[in-house]
Amino acid sequence: MESHSRCEQTMTYCLMQGGQHADMAMMGPLMDCADMTRMCADMIMRQSPMAMEMAAMCAKVATRCAEACMSMSNDTTMKECADTCRMCAEACQAMAGARA
C-alpha cells in the first residue's frame, strides 16, 4: 500500500511540474504501478488463490516504475518514489518466489 500511495502522490507532483514529468513515459508507469500495487494488496489481504501470481506481476510493474522514476533521480520526489517502488518489487518478488 505504501507504493500505491507514493505513486499516487508522485503522479500529482508530476502533473504540477509539467513538462517531462507529466509525459506518458513517466505517467504510464506511475499509473500502472498505483493500480497494480493496490490490486495486489487487496488480493493478498483477502487471501486470493491468485495472490502469488499477482505478486509476480506486481514486482515487474514496480520495477518498471522505479526505473522510470530513476531517470529523474536528481529530483528528490522522483528518487523517493523509485526507492519505494524498488522495495515493493523486492517484497513482491520474494512473496511470489515463496509459492509452493
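Our structure's up above, just so we're on the same page.
Residues numbered from 1 in each chain as written. Predicted model: local features only at pLDDT ≥ 70, side-chain atom pairs only at ≥ 80, totals over all residues. Heavy atoms only, no water.

**Remarks on unusual backbone geometry**
- The backbone of Gln47 shows a phi angle near 55°, a positive value even though the residue is not glycine.
- Relative to the elements of secondary structure, Gln47 occurs in the loop between α2 (24–45) and α3 (51–70). (Helix = DSSP H or I, 4+ residues; strand = E, 2+ residues; numbered from the N terminus.)

**Some details on the nonpolar core**
- Formed by 32 residues in total, the largest nonpolar core has its most connected members in Cys7, Met26, Leu30 and Cys69.
- Counting only elements with at least two residues in this core, the list comes to α1 (2–17), α2, α3 and α4 (76–97).
- No other element matches the 11 residues that α3 contributes to this core. (Core = buried A, V, L, I, M, F, W, Y, C linked by side-chain atoms within 4.5 Å. Buried < 20%, exposed > 50% of the residue type's maximum accessible area, 1.4 Å probe, protein only.)

**Overview of α1**
- Here α1 is 16 residues long and its end C-alpha atoms lie 22 Å apart, about the 22 Å a rise of 1.5 Å per residue gives.
- Three or more residues of α1 are buried, namely Ser3, His4, Cys7, Thr10, Met11, Tyr13 and Cys14.
- Looking at the buried positions of α1, the neighbouring elements they touch are α2, α3 and α4. (Expected span 1.5 Å × (residues − 1). Contact = heavy atoms within 4.5 Å.)

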